[in-house]
Amino acid sequence: MLFRSFWNFLLVSLLAVGGLNSVIPDIQRYVVEQGWLTARQFGEIYALSQATPGPNVMILTMLGTIVAGWAGAIAATAGLFLPGTVVTLATIYWQARNPERPFLAAIRRGMAPIAIGLTASTGWVMFSALFPHWDLASLAAEWPAAVVALVTAWICSATRWNPLWLMAAGAVVGMVVS
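Rules behind the numbers
- Residues numbered from 1 in each chain as written.
- Predicted model: local features only at pLDDT ≥ 70, side-chain atom pairs only at ≥ 80, totals over all residues.
- Heavy atoms only, no water.
- Helix = DSSP H or I, 4+ residues; strand = E, 2+ residues; numbered from the N terminus.
- Buried < 20%, exposed > 50% of the residue type's maximum accessible area, 1.4 Å probe, protein only.
- Areas by Shrake-Rupley, 256 points an atom, 1.4 Å probe, with all protein chains shown as cover.
- Lys, Arg positive; Asp, Glu negative; His and termini not counted.
- Charge placed at Lys NZ, Arg CZ, Asp CG, Glu CD.
- Phe/Tyr/Trp six-rings, centres within 6.5 Å; stacked < 30°, edge-to-face > 60°.
- Axes fitted to C-alpha atoms, helices over the stretch in contact; angles between N-to-C directions.
- Parallel < 35°, antiparallel > 145°, perpendicular 65-115°, else oblique.
- Left-handed = near helix turned anticlockwise from the far one by under 90°.
- Contact = heavy atoms within 4.5 Å.

A.B. asks: Quick rundown of the overall build of the protein chain? Include the residues and the values.
C.D. replies: Counting secondary structure elements, the protein chain contains eight helices and zero strands. In the protein chain, the succession of helices and strands from N to C terminus is α-α-α-α-α-α-α-α. Judged by the C-alpha coordinates and their principal axes, the protein chain covers about 55 × 40 × 30 Å. Split into buried and exposed, the 178 residues of the protein chain put 26% on the buried side. Surface accessibility of the protein chain: about 11400 Å² in total, with carbon and sulfur atoms responsible for 73%. With 8 positive and 6 negative side-chain charges, the protein chain shows a spacing of 17 Å between the two charge centroids.

Structure follows, in structure tokens:
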């Protein structure tokens, strides 16, 4: 299980254009298909990992810990960082030696919309974990969560509020409602 987890996260990290959030849907699909977590549990762990201090890639370390303890945490984290480190070092080396190459500029221009699309798909997958069924009864039962998600998205895009305040407010509301 450790090697399979390491290998999957290594391959996914090679696709993490724009950061780990761009491949969260693939990670969620893998974890749920393996039966390690439900989609909702994954969403909760994702939210918790975003609230912790440090890099936002801590979700993989958390997932590795949940699945296989410390060894799982090390395997998942190594799988995440190893390819990115190698590719980054190679790119920096190549860019420093060939800064004016049109090929490099084309890659940068082409990757930006891909990174934006992958990141947007993360929001959709996380929202879908909260609302697995798109029928009126399911949406009516979870309408407060939908309102909170949409208001949070609006506040983050329209103001300069620190998202930690919103996360803290969500945690308090969750404790009160539960």
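A.B. asks: Describe in detail the side chain of Ser-49, supporting the description with residues and values.
C.D. replies: Tracing the backbone through its elements, the reader meets Ser-49 in helix α3 (residues 39-51). Assessed through its relative accessible area of 1%, Ser-49 is described here as buried.

A.B. asks: Summarise the packing of aromatic side chains; cite the residues concerned and give the values.
C.D. replies: Under the defined criterion, the tally for this structure stands at four aromatic pairs. Centroid distance Phe-3 to Phe-6: 6.4 Å. Interplanar angle 40 degrees. Geometry classified as tilted. In this pair, Phe-3 and Phe-6 both sit in helix α1 (residues 2-14), three residues apart, roughly one turn of the helix. Its relative accessible area of 60% is what places Phe-3 among the exposed residues. The buried category is assigned to Phe-6, whose relative accessible area is 18%. Aromatic pair Phe-9 and Tyr-30: ring centres 5.9 Å apart, planes at 75 degrees, arrangement edge-to-face. Here Phe-9 is found in helix α1, whereas its partner Tyr-30 is found in helix α2 (residues 24-33), with 21 residues between them in sequence. A relative accessible area of 2% means that Phe-9 is categorised as buried.

A.B. asks: Give me the lowdown on the packing of α3 against helix α4 (residues 58-97), citing residues and values where you can.
C.D. replies: Two quantities define a packed helix pair, namely the angle between the axes and the distance from one axis to the other. The contact between α3 and α4 brings their axes to 9 Å, and the two run at 130 degrees. Classed by the angle they form, the pair α3 and α4 counts as oblique. You can see that α3 and α4 cross each other, and the crossing is right-handed. Contacts between α3 and α4 pair Phe-42, Ile-45, Tyr-46, Leu-48 and Ser-49 from the former with Met-58, Ile-59, Met-62, Leu-63 and Ile-66 from the latter.

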